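Here's the letter readout for the chains.
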Amino acid sequence: MTPMVHLLLLPFLCSIVGGTNLEEKKGPFVNTELDVPEGTPVPYAVYQFQVTHAGVNGFRLSGEGKDIKVSKDGWLYLEKPLDWSQDDQYILSVEALADNVVVDGPVIVTINVLDVNNNAPQFNQSRYTATVREKTSSGVAFTRVFASDRDDPETANALLSYSLVSQIPNNHNILMFQIHPDTGEISTTREGSSQRMLKARAGIQYSRGEDRSIDALKTKFEEFCPVQKIPYEENPFFTCVERAELRRRNVDPLEDPDYTLIVRAQDMGGASEMSLSGNTRVHIVVQQNLWVNPGPIPIKENLKGEYPQVIAKVQSNDPDAIYSLVQKERELKFPFQITEDGEILVTEELDREDKEMYILVVFAKDGRGNEVDPPLEIYVRVEDVNDNEPVCEHEESVFEIQEDEPVANVLGYLLANSDGRFKFKCSADVSNTSPLFEQPLDFESSHTYDLQIDARNPEPLMKGLEYGGESTAVLSVCVTDVDEAPEFSLDILDVTVAEDITKGSVVFKVEAKDPEGKEISFKMDGDSQGWLELDAATGEIRTKENLDREKLETFELTVIAFETDNPEKSSERVVHVRLLDVNDNVPKLIETQTFICMQDIKPIVIKAQDGDSVPFSQPFTFAFVKKSPNWELRAIDGTTAEVRLKKKPIKEATIPLYIDILDSAGLGVTQLFEVKVCNCTELGHCYIPPQGQGFKPGLGTIIGILAGVLGVCSKSDKKSTDLYLLALPFVF
């Protein structure tokens, strides 16, 4: 088919392929903005210019888009489909010709390429590997997958949703893992957080500094299987243990995973039957978790014996860990120590009357001081024993009494202290002294107190005489109940929680009770970020929004317990909350574009930053997604890298570079860094040439330029004004 016939048939072909009324695609010869979907059948009619100027027999097209053409009768059409991912906009200049002479125009045509869902999501890795500890809390992410979509990120075509397709193995149809649909974070389920369900491979346990060679393994084997007459190399039991131990130490998640997850990413939020998808595999190895909190630890006060005494033991997942122990309250007295093997010792007798609760913080670090396990907060509770006898304030109290003293006269007071219930026993002439309780009495502890009063002579009775019931009296004291405010179970409330705790999880539960047994309720103040909510009935504090340690690391809440029917009867406690950092931020480029001069090619320094703290931030690793023959990438330090162009460019261009930037924990995403290669001025800036010879500004453009020039001149000095006036001829 000749080009002329092709052009004559263009409107007919376009109308058949596009199924569109061509009259809707016609319009005047003016500046026009058009929307064209990508991937259309071709040839595709875009727009026909209708020119009122007589004698127009052709059009000339210039600008972007080599596959965009114009016919002699003014039809703007496509020879090849447009691709949004290559370019989302084209700017063209169209002139109307009469015998190849410009008689109208130019007019500017802006073509906006509309994205269609024609790109499936792609994961940045075909296979992922991860490790997870036994008894990892449900909802706490231990790895993450990431997928991207080349469609328009402003539309649902690039809105991705992650889901778990299958888990291998899947015994009893119980899923051990779950994935966050929006972030791709993988965590254990409630079932997976149980050691009974998610177990690591059995292995030999070693203490700190213990030899882990094959000879050491033989020694341990002899401890369990003594008197072996068969050489180790020929003993099938030993060789089986040896293979299992070496396999456990050097397990390869790719070759020998405990679990394999098939993960899917769907665009359009996964909510449409037209969604496109991509899959990947996550190979998971389950590791032992020996780092377990042994608390709370009960210790009886004034416990006799030799000190120090072992009260508990912790064991790090790193057999070479170095343990340290501190007191959270930072008080002067701290009667606890920890050995290099993780044994926690109490160094002296404890007194509950001095302190009833200790909070110990245990750290496990490597030789460089880096934490190998998260800190443990261990509560030590001092239990009360009946070790305090009632004590009078004075060893001897002297009271004077006159003969024939009137009944009920007060002779004096005898004061005594005791932690529990006690009785006074009087052994003199008749004593009318009433005991004085030093503390306010507690109706809930005891409703009554019985005081036995014995009357005795200073001198012994005559032989044959004995004291009878008439020489003893019992005084019963009845305590009247008073409505008291609710009481909290703990005086100090400190909470440590990971910042990525699942929304809706219980952070802490405050406990209080009313002395009279009345119904109580709770309320909370001080949540300035609106992250938490309090169950007024149970005292459970839950998360209602995602926590962010980078925004606020520590804060205080005031929890108030009050009688439901009498809110004036209330007590309050301050809850101290500290957020633990998790790896929830990826390194991001500070600058995403730059330029280099063709005349003087210099390396480009890129810099990234991460909102997390160590060990989830720097040092970063930088790498190209695909190896480039023209560019090389080299790390400078923990946050910067150098991008170098290896070959001298032959033309100006804007080059996209896709770079993977990972933090020290291996978390990161692919990021776009654009480099504009250009000719530069002497000052080292990209040179922008003036408009071509065929450019002729319209009347509106000229008026706008004049207005701008006059506006600047009115605010400038004479020298600047002369400079602008000298530049005016070049505008025309």
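Residues numbered from 1 in each chain as written. Predicted model: local features only at pLDDT ≥ 70, side-chain atom pairs only at ≥ 80, totals over all residues. Heavy atoms only, no water.

A. View of the nonpolar core. Core analysis: the largest hydrophobic core is formed by 23 residues, its most contacted members being L532, L557, V559, V575 and V577. In terms of residue count, the dominant contributor to this core is strand β37 (residues 554–563) (four residues). What L557 contacts, discounting residues up to four positions off in sequence, is M524, D525, G526, D527, L532, I541, R573, V574, V575 and V577. Within the second largest apolar cluster, 22 residues are counted, among which are F29, Y44, F49 and L92. (Core = buried A, V, L, I, M, F, W, Y, C linked by side-chain atoms within 4.5 Å. Buried < 20%, exposed > 50% of the residue type's maximum accessible area, 1.4 Å probe, protein only. Helix = DSSP H or I, 4+ residues; strand = E, 2+ residues; numbered from the N terminus. Contact = heavy atoms within 4.5 Å.)

B. The sheet that holds strand β8 (residues 101–114), seen in detail. As summarised here, the arrangement of the four strands in space is β2-β8-β7-β4, forming an open sheet in which the pairing is mixed. Edge positions in the sheet fall to β2 (32–37) and β4 (58–63), since each has one partner strand and no second. Across the sheet, the axes of successive neighbouring strands diverge by a mean angle of 30°, strand direction being ignored. (Pairing = 2+ DSSP bridges. Axes fitted to C-alpha atoms, helices over the stretch in contact; angles between N-to-C directions.)

C. Focus on the side chain of D454. Of note, D454 is situated in strand β28 (residues 448–455). Take D454: its relative accessible area is 2%, and that puts it in the buried class. At 3.3 Å, the side chain of D454 and the side chain of Q452 are in polar contact. Engagement of the side chain of D454 in a polar contact is seen with the side chain of T472, the distance being 2.8 Å. (Polar contact = N/O pair within 3.5 Å; in protein donor to acceptor, adjacent residues only side chain to side chain.)

D. Geometry of the sheet that holds strand β11 (residues 143–144). Across the sheet, which stays open at both edges, the three strands sit in the order β11-β15-β14 with antiparallel pairing between neighbours. With partners counted over all chains shown, the strands left at the sheet margins are β11 and β14 (177–179), one partner each. Of the strand pairs in this sheet, β14 and strand β15 (residues 185–188) are connected by three bridges, and their pairing is antiparallel. Paired with F177 across the two strands is T188, which belongs to β15.

E. Focus on the state of the cysteines. Per the stated rule, a full pass over the model turns up two disulfides. Once the disulfide-bonded cysteines of the chain are ranked by sequence position, their pairing pattern turns out to be 1-3, 2-4. (Disulfide = S-S within 2.5 Å.)

F. Representation of the environment of A141. Mapping A141 onto the fold places it in the loop between β10 (127–133) and β11. In contact with A141, other than residues within four places in its own chain, are E185, I186, S187 and D500.

G. Looking closely at the packing of aromatic side chains. Under the criterion given, the structure shown has 10 aromatic pairs. Within the aromatic cluster, the residues linked to one another by ring pairs are F29, Y47, F49 and F59. Sitting over the ring of Y44, K25 keeps its end group 4.1 Å from the ring centre. Over the aromatic face of F363 sits the side chain of K365, whose NZ or CZ is 5.2 Å from the ring centroid. (Phe/Tyr/Trp six-rings, centres within 6.5 Å; stacked < 30°, edge-to-face > 60°. Lys NZ or Arg CZ within 6 Å of the ring centre and 35° of its normal.)

H. Spotlight on the confidence of the model for the chain. On average, residues of the chain carry a pLDDT of 81, and 80% of them reach 70 or more. Note that residues 12–19 has pLDDT below 50 and, in this model, eight contacts with residues that lie over four places away or in other chains. Considering only residues more than four positions removed or in separate chains, one finds that residues 712–732, a stretch of pLDDT under 50, has 12 contacts. (pLDDT = per-residue confidence, 0-100.)

I. How the structure looks around the pairing of strand β17 (residues 277–287). For β10 and β17, the ladder comprises seven bridges, and the chain directions are parallel. The residue bridging A130 from the neighbouring strand is I284, located in β17. In this structure, strand β16 (residues 259–266) lies alongside β17, joined through eight bridges in antiparallel fashion. When the bridges of β17 are listed, R264 appears paired with N279.

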